[in-house]
Amino acid sequence: MKVLISGTAAAAGWPASGCGCASCTRVAPGRRPTSVLLGDSVRLPPTGPLPPGYRASPGPDGLTVTTPGGRRVLYAPTSPPYEEREPAGPGEALDLVLLDVLDRPERLGDLRRRGLVGERTHVLAVDLDHRVPTEAELARRADLWGVRAVPDGTVLDIGEPPPPPASPPRRTLLLGGSRSGKSVEAELRLAAEPEVRYVATGPSGDGDPEWLRRVRAHRDRRPAHWETTETTDLAGLLRSTGTPLLIDGLGTWVASVFDECDAWSGGDDLDAVTARCDELVAAWRQTRARVVAVSDEVGLGVVPATASGRMFRDVLGRLNQRLAAESEDVTLVVAGRLLPLPS
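Residues numbered from 1 in each chain as written. Predicted model: local features only at pLDDT ≥ 70, side-chain atom pairs only at ≥ 80, totals over all residues. Heavy atoms only, no water.

Caption draft 1: Molecular detail of the confidence of the model for the chain. Confidence in the prediction for the chain averages 91 pLDDT; 92% of positions are at 70 or higher. Predicted confidence for residues 80-85 stays below pLDDT 50, and this span has 13 contacts to residues more than four positions away or in other chains. (pLDDT = per-residue confidence, 0-100. Contact = heavy atoms within 4.5 Å.)

Caption draft 2: Representation of the sheet that holds strand β2 (residues 35-38) within the structure. Across the sheet, four strands lie side by side as β3-β2-β1-β9; this open sheet has antiparallel pairing. At either end of the open sheet lies a strand with only one pairing partner, and these are β3 (42-44) and β9 (154-157). Averaged over all adjacent pairs, the angle separating strand axes in this sheet is 20°, with direction ignored. In the sheet, strand β1 (residues 2-7) pairs with β9 via four bridges, with the strands oriented antiparallel. When the bridges of β9 are listed, V3 appears paired with L156. (Pairing = 2+ DSSP bridges. Helix = DSSP H or I, 4+ residues; strand = E, 2+ residues; numbered from the N terminus. Axes fitted to C-alpha atoms, helices over the stretch in contact; angles between N-to-C directions.)

Caption draft 3: Quick peek at the nonpolar core. By size, the foremost hydrophobic cluster in this structure holds 32 residues, and its most contacted members are L250, W253, V254, V273 and L319. Mapped onto this core, the elements with two or more residues apiece are β10 (171-176), α6 (234-240), β13 (245-248), α7 (250-261), α8 (269-286), β14 (291-296), α9 (307-325) and β15 (329-334). Contacts of L319, omitting those with residues within four sequence positions, involve W253, V254, C277, L280 and V281. Counting 28 residues, the second-largest nonpolar core is a separate cluster that includes L94, L99, L188 and A192. (Core = buried A, V, L, I, M, F, W, Y, C linked by side-chain atoms within 4.5 Å. Buried < 20%, exposed > 50% of the residue type's maximum accessible area, 1.4 Å probe, protein only.)

Caption draft 4: Geometry of the packing of aromatic side chains. Under the defined criterion, the tally for this structure stands at two aromatic pairs. Aromatic side chains W264 and F312 sit 6.4 Å apart centroid to centroid with 25° between the ring planes, which places their arrangement in the stacked category. Of the two residues, W264 is situated in the loop between α7 and α8 and F312 in helix α9; the sequence distance between them amounts to 48 residues. Ring-pair connections join several aromatic residues into one group, and the members of that group are F258, W264 and F312. (Phe/Tyr/Trp six-rings, centres within 6.5 Å; stacked < 30°, edge-to-face > 60°.)

Caption draft 5: How the structure looks around a negative patch on the surface. A contiguous patch of negative charge, built from D259, D262, D268, D269 and D271, is present on the exposed surface. Position of D271 relative to the elements: it lies in helix α8. Among the residues examined, D271 registers a relative accessible area of 53% and is labelled exposed. (Patch = residues over 30% accessible without salt bridge, like charges linked within 9 Å, V, L, I, M, F, W, Y side chains within 5 Å. Areas by Shrake-Rupley, 256 points an atom, 1.4 Å probe, with all protein chains shown as cover. Salt bridge = Lys/Arg side-chain N within 4 Å of Asp/Glu carboxyl O. Lys, Arg positive; Asp, Glu negative; His and termini not counted. Charge placed at Lys NZ, Arg CZ, Asp CG, Glu CD.)

Caption draft 6: Just the packing of α7 against α9, in detail. In the contact formed by α7 and α9, the axes pass within 10 Å of each other and the chain directions differ by 130°. By the angle between their directions, the pair α7 and α9 is classed as oblique. Taken as a pair, α7 and α9 cross one another with a handedness that is right-handed. Judged by residue contacts, L250, G251, W253, V254, A255 and F258 of α7 engage M311, F312, V315, L316, L319, N320 and L323 from α9. (Parallel < 35°, antiparallel > 145°, perpendicular 65-115°, else oblique. Left-handed = near helix turned anticlockwise from the far one by under 90°.)

Caption draft 7: Just the side chain of T8, in detail. Along the chain, T8 falls in the loop between β1 and α1 (22-26). Classification of T8 by relative accessible area gives buried; the value is 0%. Look past the residues within four positions of T8 in its chain and what remains in contact with it is R31, R32, P33, T34, A125, V126, D127, L128, V150 and D152.

Caption draft 8: Representation of the side chain of T64. Within the secondary structure, T64 sits in strand β5 (residues 62-66). On the accessibility criterion, T64 (16% relative accessible area) is buried. Leave out the neighbours within four places in its chain, and T64 touches R55, A56, S57, V73, L74 and L94.

Written as structure tokens, this is what we have:
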């Protein structure tokens, strides 16, 4: 079945008329509002009753249109009523998904987890707008998520399999300072995966209201279907799991290891910290899981005033170097901008 993609932008277009944001001033000539023609008779978004033989089924994921030939197309905007309904269960793979991935890319991961998106499902990004800064950034995210961001006017045959997605790097290390955006970027990297284990290496926040607020903010931002593990046994997880891992982060892991080894005063206890780092690097090198780890770049500030602070900086800095040497992708995040670090 042929599908014509006449437009892929949000209702205001991209760029939006009269908008002076950096995204809208960069994009030219721009994209028209989302408009998709199924065959030669059904347009999405729908503007009236469907022709005979077509069925429309609104549900918690969006509007599913079934063609006379049995093809199933999901149109999934972000606006109510779809977002307000209870999540649905598993189902058969769809032929085409038209999804606003810029709003909540984890919706795609949930569709994959439930079997609605499979290897033969075409997934197209629609309702695009200035929530993404450039076309280049849109293309990068589309590659991360296994989505196609096609030009307006594209014609595709949903009876044919889609092109294979790009293979993601197996080991990714994201470095950055405080509030640099490194954790948000890590979550973007894995947002469309059907399964993710989020590994929290820091304290839970009990007894510290400010830290508890930080922990809750991270929890609220994560997709509901992600699993969360609170542990410092990173080597054990890397050796034993095949589920994609998001480790956030290595700075709190090093601090926790210092606590466990009672090593803040240095001396022989620091050897135990070194051994734990050696174990982590060996497991990172051998892991078969896809893993994205967040770490603090601690070498750009002032020299710590205390001996324990300098020990922490040195241990974490050396660990970052060793993990970077064993990673396919190393990126520095500064003010939300990405600086890939070539080997």
